[in-house]
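The residues making up each chain are set out below.
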Amino acid sequence: MTRTRAAAIALIATLALPTAACSSDDGGDDGAPPAYEVVTENLPDGGIGEVELLMPDATAETAEAAIRDYADSIDGTAAVTVQVVRSEDAAVIVCRADWPDIDETMNCPDPGAS
């Protein structure tokens, strides 16, 4: 293999790495949860809790994945409503669900969350 060809292959491989690394932030096929920030977390013992997750570029799919990821960490409370918003002062909820019945209560009312 010539040096030029080897350098070209190395360059292509290097350029592909950032793209592959970003796929885990959006709940991609690699199984990693999307990136989100917990902006509100009220989890009283035995009461109804509320959690708000911030995802500026949330879609219905990534919001659902974030809710499921966060729900995996819930322990000890009777019920928790988890919702995803795109900004802290958002009037629109992208998705929400009630733990422990995540599958039955998942609702993504935001029409812009395609």
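This section reports on the structure supplied with the text. All figures in this text were calculated on a predicted structure; none of them were measured in a lab.

**Here we look at the pairing of strand β3 (residues 79-85)**
By the criterion of burial, β3 is predominantly enclosed, with six of the seven residues buried. When strand β2 (residues 48-54) meets β3, the two strands line up parallel, connected through seven bridges. Of the residues in β3, the one forming a bridge with G49 is V80. Where β3 lies against strand β4 (residues 95-99), five bridges are found, and the strand directions are antiparallel.

**Overview of the state of the cysteines**
Scanning the model with the defined rule gives one disulfide in all. Linked covalently through their sulfurs, C95 and C108 form a disulfide whose S-S length is 1.8 Å. Taking the sign of the S-S torsion, 105° for the link of C95 and C108, the bridge is right-handed. Of this pair, C95 sits in strand β4 while C108 sits in the segment after α3 (102-105); the two residues are 13 residues apart in sequence, bridging distant segments of the chain.

**Overview of the nonpolar core**
Grouped together as the largest cluster of nonpolar side chains are 19 residues, with contacts concentrated most on L53, I67, I74, V82, V84 and I102. Of all elements in the fold, only β2, α2 (60-71), β3 and β4 reach the threshold of two or more residues within this core. In terms of residues, this core owes the most to one element, α2, which gives five residues. Among all residues touching L53, those that are not within four sequence positions of it are Y36, E37, V38, A66, I67, Y70, V82, Q83, V84 and V85.

**Let's talk about α2**
Look at α2: 16 Å from first C-alpha to last across 12 residues, which is about the 16 Å you get at 1.5 Å a residue. Listed in full, the buried residues belonging to α2 are A60, T62, A63, A66, I67, Y70 and A71.

**So, the side chain of E52**
Assignment of secondary structure puts E52 in strand β2. Although E52 lies buried, it forms no salt bridge, and the closest oppositely charged side chain, R96, sits 8.3 Å away as judged by the N-O distance. Among residues more than four places away in sequence, those in contact with E52 are E37, V38, V39, T40, Q83, V85 and E88.

**A short note on the pattern of salt bridges**
Side chains that carry opposite charge are capable of pairing whenever their charged atoms lie near each other. In total, this model carries one salt bridge according to the counting rule given. Between D103 and R68 there is a salt bridge, with its nearest N and O atoms 2.6 Å apart. In this pair, D103 sits in helix α3 while R68 sits in helix α2, placing the two residues 35 residues apart along the sequence. The class for R68 is partly exposed, based on a relative accessible area of 34%.

Rules used in this analysis
- Residues numbered from 1 in each chain as written.
- Predicted model: local features only at pLDDT ≥ 70, side-chain atom pairs only at ≥ 80, totals over all residues.
- Heavy atoms only, no water.
- Buried < 20%, exposed > 50% of the residue type's maximum accessible area, 1.4 Å probe, protein only.
- Helix = DSSP H or I, 4+ residues; strand = E, 2+ residues; numbered from the N terminus.
- Pairing = 2+ DSSP bridges.
- Disulfide = S-S within 2.5 Å.
- Core = buried A, V, L, I, M, F, W, Y, C linked by side-chain atoms within 4.5 Å.
- Contact = heavy atoms within 4.5 Å.
- Expected span 1.5 Å × (residues − 1).
- Lys, Arg positive; Asp, Glu negative; His and termini not counted.
- Salt bridge = Lys/Arg side-chain N within 4 Å of Asp/Glu carboxyl O.

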